[in-house]
Amino acid sequence: MTERSSQEPGPAPRRRGRPARRTAEAGPGARERILASARGEFAEHGFDKVSVRAIARGAGVDAALVHHYFGTKEQVFVAAIEGAMAPVLSVPDLVGTAAPDAVGQVITRRFLEVWEDPATREPVLAIVRSAVNNERAAAVFRGLLTRSLLSRVAARIQGPDAELRVGLAAAQLVGAALLRHVIRLEPVASEPLEGVIARLAPVVQHHLTGPGPQDEPGSVHHSDPLSGS
């Protein structure tokens, strides 16, 4: 074997900074794997006991890549919520295009359909469990729901008590979903979806557009919260 010529270049010097990613990190879908790992970790261990390193390990990436995509653990949690709740967060747009007397039906159907499909139900459940068990997680969850869902629907509904109306409608739907899919209370759990929608939609409609307790019986005119009249 001949000796390497003194003119032959040696190995390229190692660059400073972040080391090259592993193949799994550099491949497509890294961000989605991180979010899936985060939802699983938050669901199993709760917000406090989850670390960025654990999320990274579950996704097969380096912790630096998690920080690169999302920043802090709280920001990972927000991104996981937004992804899991995406179908529900589209409700304000549906309200904007629905007839005033159909908003209860539209919202109820969209919300319950998310819970009926295991592919969308499990990520939502993972987030809800984390929020129920930890105040920091609850604060993040509450902020997202208020900003991206409840306030936007309330702006469509209008009226001085719009936020209360929307909150009560949400409580009705969340309670029904939890009884049906988490507590599995019968006969709510086994009632066909269409039957549940038929019974809940008028109640949600009443919360959103029905007369409030300040409206006296026999009043000639009730304001229409959707029209602002």
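Just above, that's the structure.
Read on for a plain summary of the structure. (Residues numbered from 1 in each chain as written. Predicted model: local features only at pLDDT ≥ 70, side-chain atom pairs only at ≥ 80, totals over all residues. Heavy atoms only, no water.)

## Observations concerning the packing of aromatic side chains
So, step 1. Taken as a whole and judged by the stated rule, the model has 5 aromatic pairs.
So, step 2. Plain terms: the ring middles of Phe-42 and Phe-77 are 5.0 Å apart, the flat faces sit at 80 degrees to each other, and that makes the pair edge-to-face. Here Phe-42, found in helix α2 (residues 30-45), pairs with Phe-77, found in helix α5 (residues 73-89); they are 35 residues apart in sequence, far enough to count as distant. When sorted by exposure, Phe-42 lands in the same class as Phe-77, which is buried.
So, step 3. Geometrically, the ring pair formed by Phe-47 and Phe-77 is edge-to-face, given 5.3 Å between the ring centres and 75 degrees between the ring planes. Of this pair, Phe-47 sits in the loop between α2 and α3 (52-59) while Phe-77 sits in helix α5, and the two are 30 residues apart along the sequence. Of the two residues examined, Phe-47 and Phe-77, each falls in the buried class.
So, step 4. Joined through ring pairs, the aromatic side chains of Phe-42, Phe-47 and Phe-77 make up one cluster.
So, step 5. A cation over a ring is seen here: Lys-73 above Phe-47, with NZ or CZ 4.5 Å from the ring centre. (Phe/Tyr/Trp six-rings, centres within 6.5 Å; stacked < 30°, edge-to-face > 60°. Helix = DSSP H or I, 4+ residues; strand = E, 2+ residues; numbered from the N terminus. Buried < 20%, exposed > 50% of the residue type's maximum accessible area, 1.4 Å probe, protein only. Lys NZ or Arg CZ within 6 Å of the ring centre and 35° of its normal.)

## Details of the nonpolar core
So, step 1. By size, the foremost hydrophobic cluster in this structure holds 59 residues, and its most contacted members are Val-66, Met-85, Phe-141 and Leu-208.
So, step 2. Once residues within four sequence positions are removed from consideration, Phe-141 is found in contact with Phe-77, Ile-81, Met-85, Ile-127, Val-128 and Ala-131. (Core = buried A, V, L, I, M, F, W, Y, C linked by side-chain atoms within 4.5 Å. Contact = heavy atoms within 4.5 Å.)

## What to know about α2
So, step 1. Taking 1.5 Å of rise per residue, the 16 residues of α2 would be expected to cover 22 Å, and the 22 Å separating its terminal C-alpha atoms lies within 8% of that figure.
So, step 2. Among the residues making up α2, those that are buried are Ala-30, Ile-34, Leu-35, Ser-37, Ala-38, Arg-39, Glu-41 and Phe-42.
So, step 3. A positive phi of about 85 degrees marks Gly-46, the residue just after α2. (Expected span 1.5 Å × (residues − 1).)

## Quick word on the packing of α2 against α5
So, step 1. At a minimum axis distance of 9 Å, the contact between α2 and α5 shows a crossing angle of 100 degrees. In terms of axis orientation, α2 runs roughly perpendicular to α5. Judged by residue contacts, Leu-35, Ala-38, Arg-39 and Phe-42 of α2 engage Lys-73, Val-76, Phe-77, Ala-79, Ala-80 and Ala-84 from α5.
So, step 2. Taken together, the residues that form the contact of α2 with α5 break down as 8 nonpolar, no polar and 2 charged. (Axes fitted to C-alpha atoms, helices over the stretch in contact; angles between N-to-C directions. Parallel < 35°, antiparallel > 145°, perpendicular 65-115°, else oblique. Nonpolar A, V, L, I, M, F, W, Y, C, P; charged D, E, K, R; others polar.)

## Details of the side chain of Arg-39
So, step 1. Tracing the sequence through the fold places Arg-39 in helix α2.
So, step 2. Of the side chains bearing the opposite charge, Glu-32 lies closest to the buried Arg-39, which forms no salt bridge; the N-O distance is 8.9 Å.
So, step 3. In this structure, Arg-39 is in contact with Ala-80, Ala-84, Pro-123, Ala-126 and Ile-127, ignoring residues within four places of it in sequence. (Lys, Arg positive; Asp, Glu negative; His and termini not counted. Salt bridge = Lys/Arg side-chain N within 4 Å of Asp/Glu carboxyl O.)

## Describing the packing of α2 against helix α4 (residues 63-70)
So, step 1. Contact pair α2 / α4: the axes reach a minimum separation of 11 Å and the direction vectors enclose 100 degrees. Classed by the angle they form, the pair α2 and α4 counts as roughly perpendicular. Judged by residue contacts, Ala-30, Arg-31, Ile-34 and Leu-35 of α2 engage Leu-65, Val-66, Tyr-69 and Phe-70 from α4.
So, step 2. Per-class residue counts for the contact of α2 with α4 are 7 nonpolar, no polar and 1 charged.

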